[in-house]
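The residues making up each chain are set out below.
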Amino acid sequence: MPRFTVHVRDEWLTVPCKDTSYTINWLGVEALKRYVKNKPDNGGIPQAKEVRFAARRCQGQGLLDADDIIEDVLEDNDFVELEIEGDTMSSDFIPSQPGINITLLIHCLNNVFVCFVQYIFLDGSSLSSTDLVNLGRCRYKIKVQKTQYFFNIKTGSIVSIFIFHSVYFVYGITTGFGKFARTVIPISKLKELQENLIRSHSAGLGRPLSPERTRMLLALRINVLAKGYSGISLETLHNMIQAFNASCLSYVPEKGTVGASGDLAPLAHLALGLMGEGKMWSPKSGWADAKYVLEAHGLKPVSLKPKEGLALINGTQMITSLGAEAVERAESIAMQADVIAALTLEVLKGTTKAFDSDIHELRPHPGQKEVALRFRALLDSDHHPSEIAESHRFCDRVQDAYTMRCCPQVHGVVNDTIAFVRNIINTEINSATDNPMVFSERGETISGGNFHGEYPAKALDYLAIGVHELASISERRIERLCNPSLSELPAFLVNEGGLNSGFMIAHCTAAALVSENKVLCHPSSVDSLSTSAATEDHVSMGGWAARKALRVIEHVEQVLAIELLAACQGIEFLRPVRTTTPLEKVYDLVRSVVKPWIKDRFMSADIEAVHRLLVDQKVWNVAKPYIEKYCTELLPESRPSSPTAFSLDPPTSPRKRVRHE
């Protein structure tokens, strides 16, 4: 019997259809009847037949007419979205699914229709955090290099199968797991053993990872398996690549990993969907039963072979994929923090003397030198004169507060922290973190501890502590901008103070976010709880380290968004004099999304708009050409030693990207 999956508000409903000559209106009414049955108040719908609604086919978002005949416009197992008149689009529908990036959705939908798709070739050795984030954003699809790695994968799988048919007792292939490592499993039940492993370990809780982050998780697991030390078969790896390229993404709860033996619960949920069990998401279907999502894309569920269940869930890919995003966002906001602080210094009529290159050569930390260079490139100089700087050139102020004068020292160590963490994350991205390892050239498996997440856990705790300082010092600069006794500007940056409150509560919001960060910066990796009946008696807690690092970074972005808004508002009170050309361009960018503050108005939307500019790196993209031009005009010996001094891009990967039809 044909059946259709219909999305109504927050639920997916399966509607069987005895006769496909019925109309779309019948399908909608039938779905609404099923929806109200599950709601104690009928979902606020008095009579299903009286409800006016619009129906859309999920694939392509085509609007369906109520009088259309089902067999003329739908296929068996198709997905339909019902929009009830008076509702906004349902909260569980793809574009507004919590945590889903609308840009990702557009990229994924577009990839269905483009003739040429750009691929990243994975070999288990050369993937970078930048590549991984771009894979998450649906900018590339995946292929695996047909080189030595194919030989390793094939022979590793053969070794696993040989053990499967032999008298050897090998952990996870012919034995149970954890405390049950000494329990030998009959050969007739070894396939069931792998399937039970995935089902039992799918015990995570919390909100699901966004599709963007699930794509990163799946891509990273594919990269690790492509090294050829996990005993995975080419068939299973190929199925995973197909699922990734179609954006068929498992429901992966964000909570449940202790970071050793790897990220077991999240990776089990990832594997569960690939097996055709649990829930899955795709741009074509939205959230639905995994088997239906795979069917809708012409894909088959993975059928696990010896060791493959263990191979799919043993590793640090949850910690590392989230860590890759954290590193990329941290680097982006750190560079933009220099631009924002430079603008604030101009508004507060600070001096540029503290950024003299000779000062920083006497304490030559790479990050400190980079930040001082950026300030020199953006502030008053022969390259970019500033009318604001000229207006107070002969004032009696000798030096500025630490929040301005010490930016190279405070912001600089953040840059060095990010570089340190990036190195660890990129090493982890290309590491085999399975257990046991299958060494095909030796014809044996060896149990080890590469699954332990201590490296990325410690690094991400360190990252959170380092990046937080950008918000801490930014909040103090916001205070200086808002406080008339420190800024010589109107109180809270608004006219008619008292009638208007201006940036008063925006500053409070910044203070609240900084305070939250102080708690979130407590290292999770200093904790350990013994699990699995004391078999796994020391763990990293790296999953929480990664999640809270991302939360800290988001708070930092938001605090700096408030500072940028405040600095641009401060400029309004200094007109008609102007700042330097690059900083005027930054001001213009902000004013393209947020108008000047003339009187009190709803402010959250303004903060969110500027936050989006920072997330999209638009502030840096405006300032970057001026910094690069300044650097190219320096004498060679004065140029920055670090390759990241004025570049968002990590060193070029040797791996090639090509276009294929």
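Located above this text is the structure these notes cover.
Within any chain, residue numbers begin from 1 and follow the written order of that chain's sequence. The predicted nature of this model means local features are confined to residues of pLDDT at least 70 and side-chain atom pairs, given and counted, to a pLDDT of 80 or more, with totals for whole chains, interfaces and linings taken over all residues. The basis for every side-chain value is the complete set of non-hydrogen atoms in the structure, without hydrogens or water.

Participant: Hey, could you run me through the overall build of the chain in this one?
Facilitator: Under the DSSP-based scheme used, a helix requires at least four consecutive residues in state H or I and a strand at least two consecutive residues in state E, with every element numbered from the N terminus. Helix and strand counts for the chain stand at 24 helices and 15 strands. Per-residue accessibility, obtained with a 1.4 Å probe over protein chains only, is compared with the maximum for each type, and a residue is labelled buried under 20%, exposed over 50%, and partly exposed between these values. Within the chain, buried positions represent 56% of all 661 residues. Within the chain, residue pairs in contact and separated by at least 24 positions form 75% of the contacts whose partners lie at least 6 positions apart. Roughly 28,300 Å² of accessible area belongs to the chain as shown, and the carbon and sulfur atoms make up 53% of that amount. In this description, contact between two residues means that some pair of their heavy atoms is separated by no more than 4.5 Å. Residue-level accessible areas treat just the shown protein chains as cover; the underlying method is Shrake-Rupley with a 1.4 Å probe.

Participant: Quick question: what am I supposed to make of unusual backbone geometry here?
Facilitator: The phi torsion of most residues other than glycine is negative, and most of the peptide bonds are trans. A cis amide bond links A260 to the next residue, S261, at an omega of 10 degrees. Here S261 lies in the loop between β10 (253–255) and α9 (264–274). Cis geometry marks the peptide bond from R575 to P576; its omega dihedral reads 20 degrees. Even without glycine at this site, K307 takes up a positive phi of about 70 degrees. Within the element layout of this structure, K307 appears in the loop between α10 (290–296) and α11 (308–313).

Participant: How should I be thinking about the layout of surface pockets in this particular structure?
Facilitator: We place a 1 Å grid over just the protein atoms. Points where a 1.4 Å probe fits but has no way out form a cavity, open points with protein on both sides within 12 Å along at least 5 of 7 lines form a pocket, and any residue with an atom within 4 Å of a point lines it. Grid points are joined across faces, edges and corners, and a volume is the space filled by probe spheres set on the points. Each pocket or cavity is described by its volume, and for the second largest pocket that value is around 720 Å³. Lining of the second largest pocket is provided by 38 residues; of these, Y171, F177, G178, H201 and E536 occupy positions nearest its centre. At the level of secondary structure, the elements contributing two or more residues to the lining of the second largest pocket comprise α6 (190–201), α9 and α11. Ranked by the residues each element gives to the lining of the second largest pocket, the list is headed by α6, at 6 residues. All amino acids are sorted into three groups, where Ala, Val, Leu, Ile, Met, Phe, Trp, Tyr, Cys and Pro are nonpolar, Asp, Glu, Lys and Arg are charged, and the leftover types, Gly among them, are polar. Taken together, the residues of the lining of the second largest pocket break down into 15 nonpolar, 17 polar and 6 charged.

Participant: Got a minute to help me understand the packing of aromatic side chains in this structure?
Facilitator: For any pair of aromatic rings, the description rests on two quantities: the centre-to-centre distance and the angle between the ring planes. Classification of ring pairs rests on two measures: the distance between centres of Phe, Tyr or Trp rings, Trp counted by its six-membered ring, which must be within 6.5 Å, and the angle between planes, read as stacked under 30 degrees, edge-to-face over 60 and tilted in between. One pass over the full model with this rule turns up 6 aromatic pairs. The ring centre of F244 lies 4.1 Å from the NZ or CZ of R215, which sits over that ring. Whether a charge sits over a ring depends on NZ of Lys or CZ of Arg being within 6 Å of the ring centre and within 35 degrees of the ring normal. One Lys or Arg, R442, reaches over the ring of F439 and ends 5.5 Å from the middle of that ring.

Participant: Help me out: how do you make sense of empty space enclosed by the protein in this one?
Facilitator: In this structure the tally under the stated criterion is 2 cavities of 30 Å³ or more. Taken as a whole, the largest cavity holds about 40 Å³ of empty space. Together, F503, L565, Q569, R591, V594, K595, W597, R601, M603 and D606 line the largest cavity. When the residues that make up the lining of the largest cavity are grouped by side-chain class, the tally is 5 nonpolar, 1 polar and 4 charged.

Participant: Got a minute to help me understand the pairing of strand β12 (residues 286–289) in this structure?
Facilitator: Direction of pairing for strand β11 (residues 279–282) relative to β12: antiparallel, over a ladder of 4 bridges. Bridged to K279 within β12 is D289. Paired strands are those between which DSSP finds at least two bridges. Counting the residues between successive antiparallel strands, the hairpin from β11 to β12 contains 3 residues.

Participant: What should I look at first to understand the sheet that holds strand β5 (residues 79–84) in this one?
Facilitator: The strand order across the open sheet formed by 5 strands is β2-β1-β5-β3-β4, and the pairing between neighbours is mixed. One side of each edge strand has no neighbouring strand; the edge strands of this open sheet are β2 (11–16) and β4 (63–64). Of the pairings in the sheet, the one linking strand β3 (residues 53–57) to β5 comprises 5 bridges and is antiparallel in character. Bridged to F53 within β5 is I84. Most of the contacts of helix α1 (residues 24–37) go to β2, to which it runs at about 125 degrees, and overall it touches β1 (3–8), β2, β3, β4 and β5. Angles run from 0 to 180 degrees between N-to-C directions of axes, and those axes are lines fitted to C-alpha atoms, restricted for helices to the stretch in contact.

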